[in-house]
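Commentary on secondary and tertiary structure
Here is how the chains run, residue by residue.
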Amino acid sequence: MIKLNYSQATLDEYFARLTKEVTSKNSGIEINILDLDNEGKIKRYYKKSILGRLKTASEINNKKSKEIVKFYKYLIEFDINSKSYLNLKTLLVGTPSELKKAVKFILKNFNTIKFKSVSNNKKLDDNERILEIFNYENIRKYHGVFLLKQLNIKVCPYCGANNILIIERENNKLKALCQFDHFLSQSEYPYLSASIHNLVPSCSSCNHTKLDNPRKIVNPYENSLHDSFIFKVDTKSELDFILSGYKKDNLLEIQMTPKINNDTSQEGIITNHDAVFGTKSLYQHHTDIVAELYWKAHVYSKKYRTELKTLTNNLEKKHTLKLGKYIDELQHLNLTDKEIKRFIIGNYIEEKDFLKRPLSKLTHDIAKELGLLD
Ligand SMILES: [Zn+2]
């Protein structure tokens, strides 16, 4: 739900890791990314790996294979000035908008390559060839932990409700407890199967729900869905809940409304996201947490919150609340204003932290509406 971002250093390292993998896997010649100005090596690479491999397979005369060779050549087109495989670099670490341009170019110029896999074709089809060169199988296995660590998130960016974590297993081995969703599907865009901005770490339920759903949704690397909507409680359902004496939380109805009233483009984004991931019905399971926020809004009045701030801050020695022996301990906490709010609502209160703990946006939006963040 929040915009994901990699640093330039991460993009560089990812490219270096994968280029080494892609080149060495197919050629047996290891080309170090730092040694890319060695033209001799590059030429040998062309000859021995891509062209050589197809030739020995006696497929070079096949029209389709020629297209594949052309495509490979396009991928590793070498730019001596930037010492880089120009197009391969764009596909691996290019921004979402660069990827869109690349897709347009590829579809236009390699139109005879079948980018959609044929299910009962036993021969290695075009898609598999391309998937093979990107060696996607290894991404999750060898780079999943790296990617998740760099993003520094603990919650699925599609739903904001389920954890995605890194755990330590025996022999100190780390494992990323998440799946990597291909924002643009592997079956239709095999050449984007290793693109860093096409790999969205997600919970398994979002990954499966989204599978090949043709609806247009927001790429978390491109935009923040948080900018489009806020969680609200339906007014009538709120009244019913209040009339139940703040007890029957199942009466509360969670809504996702555009941040700007009647903004049709935002409404479209919300409708599509909800249709793909079932977000509203997912959040409807958490009305108990919303009910607790209503309780907190009663218990932690503005006056009480101001007192808490005084008590947990050494700046003011005088206080009006009589908390006896706890006062000293509270003063040692020395909590900031933001920390007191976080303590009260039981979750992070700033958008930049929303992917650190499940349901942060829900608790933030409702707490704000209830005046708990004033
Ligand atoms: Zn999810």
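Residues numbered from 1 in each chain as written. Predicted model: local features only at pLDDT ≥ 70, side-chain atom pairs only at ≥ 80, totals over all residues.

**A look at the overall build of the chain**
Secondary structure assignment for the chain yields 16 helices and eight strands. The proportion of buried residues among the 374 residues of the chain is 30%. Of all intrachain contacts in the chain linking residues separated by at least 6 positions in sequence, the fraction that spans at least 24 positions is 62%. (Helix = DSSP H or I, 4+ residues; strand = E, 2+ residues; numbered from the N terminus. Buried ≥ 20, exposed ≤ 12 C-beta atoms within 10 Å, placed from the backbone. Contact = placed C-beta atoms within 7 Å.)

**Concerning the environment of leucine 225**
Tracing the sequence through the fold places leucine 225 in the loop between α8 (204-210) and β7 (229-233). Looking at leucine 225, the number of C-beta atoms within 10 Å reads 22, which means it is buried. Between the C-alpha atoms of leucine 225 and lysine 3, which are 222 residues apart in sequence, the distance is 7.5 Å.

**Regarding the nonpolar core**
By size, the foremost hydrophobic cluster in this structure holds 67 residues, and its most contacted members are Leu92, Cys156, Cys159 and Ile366. Both domain 1 (8-210) and domain 2 (225-299 + 336-369) contribute no fewer than three residues apiece to this core. Dropping the residues within four chain positions of it, leucine 92 is found in contact with Tyr14, Phe15, Leu18, Ala194, Ser195 and Ile196. (Core = buried A, V, L, I, M, F, W, Y, C linked by C-beta atoms within 7 Å. Domains from an automatic or database assignment.)

**Details of the confidence of the model for the chain**
For the chain, mean pLDDT is 80; residues scoring 70 or higher make up 72% of the total. Here helix α2 (residues 39-56) stands out as the element of the chain with the lowest mean pLDDT, 51, in contrast to helix α9 (residues 235-243), whose mean of 98 is the highest. When the criterion is pLDDT under 50, residues 50-60 qualifies, and its contacts beyond four places in sequence or with other chains add up to 14 contacts. For residues 120-124, every residue scores under 50 in pLDDT, and the model assigns this stretch one contact once sequence neighbours within four places are set aside. (pLDDT = per-residue confidence, 0-100.)

**Digging into helix α15 (residues 337-345)**
Every buried residue belonging to α15 is among Ile340, Lys341, Arg342, Ile344 and Ile345, and all of these are buried. Contacts from the buried residues of α15 go to α12 (287-299), α13 (302-311) and α16 (360-369). Within two residues after α15, glycine 346 carries a phi angle of roughly 75 degrees, on the positive side.

**Side note on unusual backbone geometry**
Here asparagine 152, not a glycine, exhibits a phi torsion of approximately 55 degrees, which is positive. Residue placement: asparagine 152 occurs in the loop between α7 (136-151) and β3 (165-168).

**A few points about the environment of isoleucine 196**
With respect to the secondary-structure elements, isoleucine 196 resides in the loop between β5 (179-182) and β6 (199-202). Isoleucine 196 sits in the buried class, given 22 other C-beta atoms within 10 Å. The spacing of isoleucine 196 and leucine 92 is 104 residues in sequence and 5.9 Å in space, taken between C-alpha atoms. Excluding residues within four positions of it along the chain, isoleucine 196 makes contact with Tyr6, Leu11, Tyr14, Leu92 and Val93.

**Digging into the packing of α13 against α15**
Following both chains from N to C, one finds α13 and α15 inclined at 125 degrees, their axes separated by 10 Å at the closest point. By the angle between their axes, α13 is oblique relative to α15. For the element pair α13 and α15, the recorded crossing hand is right-handed. In contact with Arg305, Leu308 and Lys309 of α13, α15 contributes Asp337, Ile340 and Ile344. (Axes fitted to C-alpha atoms, helices over the stretch in contact; angles between N-to-C directions. Parallel < 35°, antiparallel > 145°, perpendicular 65-115°, else oblique. Left-handed = near helix turned anticlockwise from the far one by under 90°.)

**Things to note about the packing of α12 against α16**
Interhelical geometry of α12 versus α16 gives an angle of 30 degrees and a closest axis separation of 10 Å. On the basis of their axis angle, the class for α12 and α16 is roughly parallel. Of the two elements, α12 crosses α16, and the hand of that crossing is right-handed. Every residue of α16 that contacts α12 at Ile289, Val290 and Leu293 is listed here: Thr363, Ile366 and Ala367. Looking at the contact of α12 with α16 residue by residue, the class counts come to five nonpolar, one polar and no charged. (Nonpolar A, V, L, I, M, F, W, Y, C, P; charged D, E, K, R; others polar.)

**Some details on the environment of leucine 92**
Tracing the backbone shows leucine 92 in helix α4 (residues 86-93). Classification of leucine 92 as buried rests on a count of 24 C-beta atoms within 10 Å. Here the alpha-carbon distance between leucine 92 and serine 193, two residues 101 residues apart in the chain, equals 8.8 Å.

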